[in-house]
Amino acid sequence: MDARLSDYVRGQWPSLVRYATLLCGDAVEAEELVQSALVRVALRWPFVHDKDNPDGYVKRAIVRGRINGWRGVRRHETVVSVMPDVAVADGLAALDEHDAIRRALVLLPPRQRAVLVLRYLDDRSEQETAAMLGCSVGTVKSQTHKALAKLREIVQPNEVLS
Amino acid sequence: MTDIEELVRSSLRSAPAVVPSSSDPVAAVSGRVRRARALWGGGIAAVVAVLVAAIVVPLSMRDSGAGRVVPADPSPSASPVAVRPGLTVWSHDAVAVTAGGGFLWALERDPKANDGAGFLVKLDPATYRPLSRWGVVAPYDFMKFGLGHVWVWGGGDGGYPDGELQVFDASTNDGCQCNTFGNKGFGYGGIAFLAGHAWVTTGSAIWEMTADTERVVWSKGLGNGSTPSTVVAVGGRLWVQTSPTSSQQLIPEPSGVGARMGLSGGVADGTERLLAADGADTMLVTTGTDVEQQSSSGEFLSDVIFDSAVGLAMALPNGDVLVSTLGSEDGRTQPALWMATSDAAGALCRTCIRKIAENVSVLSMVANPSGGVDFVLDDGTAEHWQP
């Protein structure tokens, strides 16, 4: 493996696993997802343009691997049977609210979850997100809308109903 | 930004750190890369040295204006250099090598291209002088010669999720003469030639393609969950590796799916023999001429065990088999190249395998029509070896 890619893997491994965990909701599956993505990147290394900063390429491989169910073993997702309680307005509750959102993310389909991670964690534009996912901007918009609506329903059910 | 958007953003950003279980991801990834290079998209890729009549081709080419044909360079791009006894380097940008039509064919990266493009180069097999050169678009990883065409394929991974199959007419040098088949979301696994057609595994299906028009005339799904990789033609049958643990016989008729072999690690063609690896990937199995009977009985002609997983296997004209092994993931054994000698019946000798070179990761190998063997290593080096 190229020395630059090895350095990148050593330095970014925990961060990539965290990123993949947000995408798939499972730390063990996330490691497999990241390893598979890195294998594909290593195989494609001669074609990677920015070898000193392959972060974008690697994350794209992780996201696509997740959505396409790339050859790695896909574990069954853990369904959260009990919805988190609605948070109240204090500092501890804010932590719970964040946790509730992260748990609720697990309930979303892979593409919707990927859209949220790309849009709100990576701060990518709708166009960039569409390019990463290999879909249209319209799909990104609709998936974002559906995902947010579903999250709102989960974490703020009363508000949605009203 | 709405409240829910703000909440999602802050939730994602405040996600706790994850402690990965793997303490040495570089070693883990490197090991898988070595295995993937050999097994992904080809299983055990074997090449039988069949010397066919040379196709008379004019050595000069005209640029058709189609933008894909590049005039032949009259002089070699690099003079072959002897690096160690018996080995001569002839390229540093190679991806794969094959032989056919009396020529050697190399896939090479274009170091100046920023879109991953490269070249298919036809070489004089004795001097390595480039005779003609075509442009190839990324992705390209593997190639095979058959039905008078060079078939180049790649993709289906994260970087290039859509597979690409590019077909070049080896007998015509005055135009593009190529067809390109994309397959959205699926890579190509392998190609075999039987009954005048090409058989291509892609996605979970196998395609039958004609050589004259290069079109798909028949397609058959191989079952949900199957990820066919290698396909080889042995004994008048197609053998498809449909999963990491089985190889399936597919007779070239729409209803003709037959026996299964409980072997993993891919299959490879060796004239009338079938070469395959066992479950642990470290054993190379050869069958006799009655492939079907042996595959059903599980009693094979011979088996040879190596010190790490078998990556590539190639039958030489005299029956001997060249084998590249991948090395172990923990680094205790290094990737290497071996020669397994064969008796008159085609059985490999268990006790007389010989290590030819160590610390070499072979991506591709082929018997040179002018004698010897050519290899492409994972660092892009292409070498010729004269046993």
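Residues numbered from 1 in each chain as written. Chains lettered and ligands numbered in written order. Predicted model: local features only at pLDDT ≥ 70, side-chain atom pairs only at ≥ 80, totals over all residues.

Asks: Before we go on, may I ask you to explain the pairing of strand 13 (residues 197-202) of chain B in this structure?
Replies: Consecutive residues of a regular strand have side chains that alternate between opposite faces of the sheet. Residue and element names in this part refer to chain B. Counting buried residues in strand 13 gives five out of six residues, a clear majority hidden from the surface. Two elements, strand 12 (residues 188-194) and strand 13, share six bridges in a ladder whose sense is antiparallel. If you follow G190 over to strand 13, its bridge partner there is T201. In this structure, strand 13 lies alongside strand 14 (residues 205-210), joined through six bridges in antiparallel fashion. Within strand 14, the position partnered with V200 by the bridge is W207. Where strand 13 folds back onto strand 14 in an antiparallel hairpin, the turn is made up of two residues, including G203, whose phi is positive at roughly 55°. (Buried ≥ 20, exposed ≤ 12 C-beta atoms within 10 Å, placed from the backbone. Helix = DSSP H or I, 4+ residues; strand = E, 2+ residues; numbered from the N terminus. Pairing = 2+ DSSP bridges.)

Asks: Looking at this structure, I do not really get helix 6 (residues 126-133) of chain A. What am I missing?
Replies: Because each turn of an α-helix spans 3.6 residues, side chains separated by three or four positions end up pointing in the same direction. Those residues of helix 6 of chain A that fall on the buried side of the exposure criterion are T129(A), A130(A) and M132(A). For helix 6 of chain A, the arc enclosing every buried residue in end-on projection is 160°, short of the 170-degree limit, so these residues lie on one face. (Arc of directions from axis to C-beta.)

Asks: What exactly am I supposed to notice about unusual backbone geometry here?
Replies: It is generally the case that most residues other than glycine have a negative phi and that most peptide bonds are trans. Across the junction of A138(B) and P139(B), the peptide omega takes the value 5°, indicating a cis bond. Structurally, P139(B) can be placed in the loop between strand 7 (130-136) and strand 8 (142-146). Located in the positive-phi region is D123(A), a residue other than glycine, with phi close to 60°. Along the chain, the position of D123(A) falls in the loop between helix 5 (110-121) and helix 6. Of note in this structure, N359(B) is not a glycine but carries a positive phi near 65°.

Asks: I keep staring at the interface of chain A and chain B and nothing clicks. Help me out?
Replies: Accessible area lost upon the coming together of the parts serves often as the stated size of an interface. Contact with chain A, which involves 45 residues of that partner, is made by 35 residues of chain B. Elements with a contribution of two residues or more to the side of chain A that touches chain B: helix 1 (3-24), helix 2 (27-43), helix 3 (55-68), helix 4 (91-105), helix 5 and helix 7 (137-155) of chain A. Examining the composition of the side of chain A that touches chain B, we find that eleven residues originate from one element, helix 2 of chain A, more than from any other. In terms of residue class, the side of chain A that touches chain B is made up of 26 nonpolar, eight polar and eleven charged. (Contact = placed C-beta atoms within 7 Å. Nonpolar A, V, L, I, M, F, W, Y, C, P; charged D, E, K, R; others polar.)

Asks: Looking at this structure, I do not really get the nonpolar core. What am I missing?
Replies: Considering soluble globular proteins, one finds that nonpolar side chains tend to be buried as a cluster. W105(B), L107(B) and L120(B) are the most contacted members of the largest nonpolar core, which has 84 residues in total. Setting aside residues no more than four positions away along its own chain, L120(B) makes contact with W105(B), L107(B), W134(B), V136(B), V150(B), V152(B) and F168(B). One finds A114(A), V140(A), L7(B) and V29(B) within the second-largest nonpolar core, a separate group that totals 51 residues. (Core = buried A, V, L, I, M, F, W, Y, C linked by C-beta atoms within 7 Å.)

Asks: Would you take a moment to explain the sheet that holds strand 25 (residues 321-325) of chain B for this structure?
Replies: In any sheet, the strands associate via hydrogen bonds between backbone groups, in a parallel or an antiparallel arrangement. Residue and element names in this part refer to chain B. Read across the sheet, four strands follow the order 24-25-26-27 without closing on themselves; strand pairing throughout is antiparallel. Either end of the sheet is taken by a strand with one partner, and the two such strands are strand 24 (310-315) and strand 27 (354-358). Strand-to-strand twist across the sheet, computed as the mean angle between neighbouring axes with direction ignored, equals 20°. As defined by bridge partners, strand 26 (residues 336-340) adjoins strand 27 across four bridges and the pair is classed as antiparallel. Within strand 27, the residue paired with A336 across the bridge is E358. (Axes fitted to C-alpha atoms, helices over the stretch in contact; angles between N-to-C directions.)

Take it as geometry only, folks, not as evidence of what the structure does.
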